[in-house]
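Tertiary structure, described
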Amino acid sequence: MAEDSEMCSCFARSLERRTALKMALGLVVGFNFVHVAAAQDDARSARPRAGDLFTFAEGVEEGRVIAPGDLAQGGPQVMAFPLDPRTRLVRDGSRLNKLLLVRLDPAGLDEETRGHAADGIVAYSAICTHQGCDVMAWDAELQSFWCPCHDSKFDPRDGGRVVTGPAPRRLPALPVKIADGVLMAAGGFSAHVGPKTR
Ligand code: FES
């Protein structure tokens, strides 16, 4: 009997140890999962940077990497999100990362704009500097981005300058380059994205 009860308490202790071990393991796995998820959220919300690729932000092609040949000469613009080429994470965790890509005649770009363009392709923030709507339309006659919320228009050939409407400042530009046929960001935004709150 004494042997039996000793075996029982030994078994119970081993069971407790295993339960405690499983709980600890669960906590570690849970912590790592939360940690990884938080890091991914940070990476998805981080602003675009040099080397990022671009993906379609909407439509049937959403998520596909944009090649220079996907952009029609003379517009309209394509809505895009940056993609971190190392992790393959699309930086769509913040709408402030939404971009406009358009391909224009390089000869029509002013000197400064040509400096951050590649083969006539230019990129700008898609967030209107007036009240933050998506700059989703295109004025083919003026060859300008058009924010339909309050009719602001921006000239992509002239550094995103405001052509008309209440927007108080130009759209921030994102420099681009083409390397081995791949279109990518050559740096970060030229200015604060979206409306200035103060
Ligand atoms: S939010 Fe674009 S013009 Fe007002």
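Details of the structure are given in the entry above.
A few points on the structure.

Calculation criteria
Residues numbered from 1 in each chain as written. Predicted model: local features only at pLDDT ≥ 70, side-chain atom pairs only at ≥ 80, totals over all residues. Pairing = 2+ DSSP bridges. Helix = DSSP H or I, 4+ residues; strand = E, 2+ residues; numbered from the N terminus. Buried ≥ 20, exposed ≤ 12 C-beta atoms within 10 Å, placed from the backbone. Contact = placed C-beta atoms within 7 Å. Core = buried A, V, L, I, M, F, W, Y, C linked by C-beta atoms within 7 Å. Axes fitted to C-alpha atoms, helices over the stretch in contact; angles between N-to-C directions.

It is worth spelling out the sheet that holds strand β4 (residues 121-125) at this point. Strand order in this open sheet of 5 strands is β1-β2-β3-β4-β9, and the pairing throughout is antiparallel. Strand pairing shows two members of the sheet lacking a second neighbour, β1 (53-56) and β9 (173-174), which therefore form its edges. Pairing geometry for strand β2 (residues 78-83) and strand β3 (residues 99-103), over 3 bridges, is antiparallel. Across the sheet, Val78 pairs through a bridge with Leu101, a residue of β3.

Now for the pairing of β2. Among the 6 residues of β2, 5 are classified as buried, and the element is accordingly described as predominantly covered. As paired strands, β1 and β2 are joined by 4 bridges and run antiparallel to one another. Looking at β2, one finds that Phe54 is bridged to Pro82.

By the secondary structure assignment, Ser45 is in helix α1 (residues 2-45). By the C-beta count within 10 Å, which is 14 here, Ser45 ends up partly exposed. Excluding residues within four positions of it along the chain, Ser45 makes contact with Gly93 and Ser94.

Here we take up the nonpolar core. Membership of the largest hydrophobic core comes to 37 residues, with the highest contact counts inside it found for Leu99, Leu100, Leu101 and Ala123. Elements supplying a minimum of two residues to this core: β1, β2, β3, β4, β6 (144-147), β9 and β11 (182-185). Ignoring sequence-local partners within four residues, the contact set of Leu99 consists of Phe54, Ala80, Phe81, Pro82, Ala123, Tyr124, Ser125, Ala126 and Leu174.

So, about the environment of Leu89. Within the element layout of this structure, Leu89 appears in the loop between β2 and β3. With 17 C-beta atoms packed within 10 Å, Leu89 lands in the partly exposed category. For the pair Leu89 and Asp41, spaced 48 residues apart in the sequence, the C-alpha separation amounts to 9.7 Å.

Taken in spatial order, the 4 strands line up as β5-β6-β7-β8 in an open sheet, and their pairing is antiparallel. Edge positions in the sheet fall to β5 (137-139) and β8 (161-164), since each has one partner strand and no second. Averaged over all adjacent pairs, the angle separating strand axes in this sheet is 40 degrees, with direction ignored. With 3 bridges joining them, β5 and β6 adopt antiparallel strand pairing.

Taken residue by residue, a regular strand's side chains alternate between the two faces of the sheet. Of the pairings in the sheet, the one linking strand β7 (residues 152-155) to β8 comprises 3 bridges and is antiparallel in character. Along β8, the bridge assignment pairs Phe154 with Val162. Counting the residues that bridge the hairpin from β7 to β8 gives 5 residues, and of these Gly159 lies at a positive phi of roughly 65 degrees.

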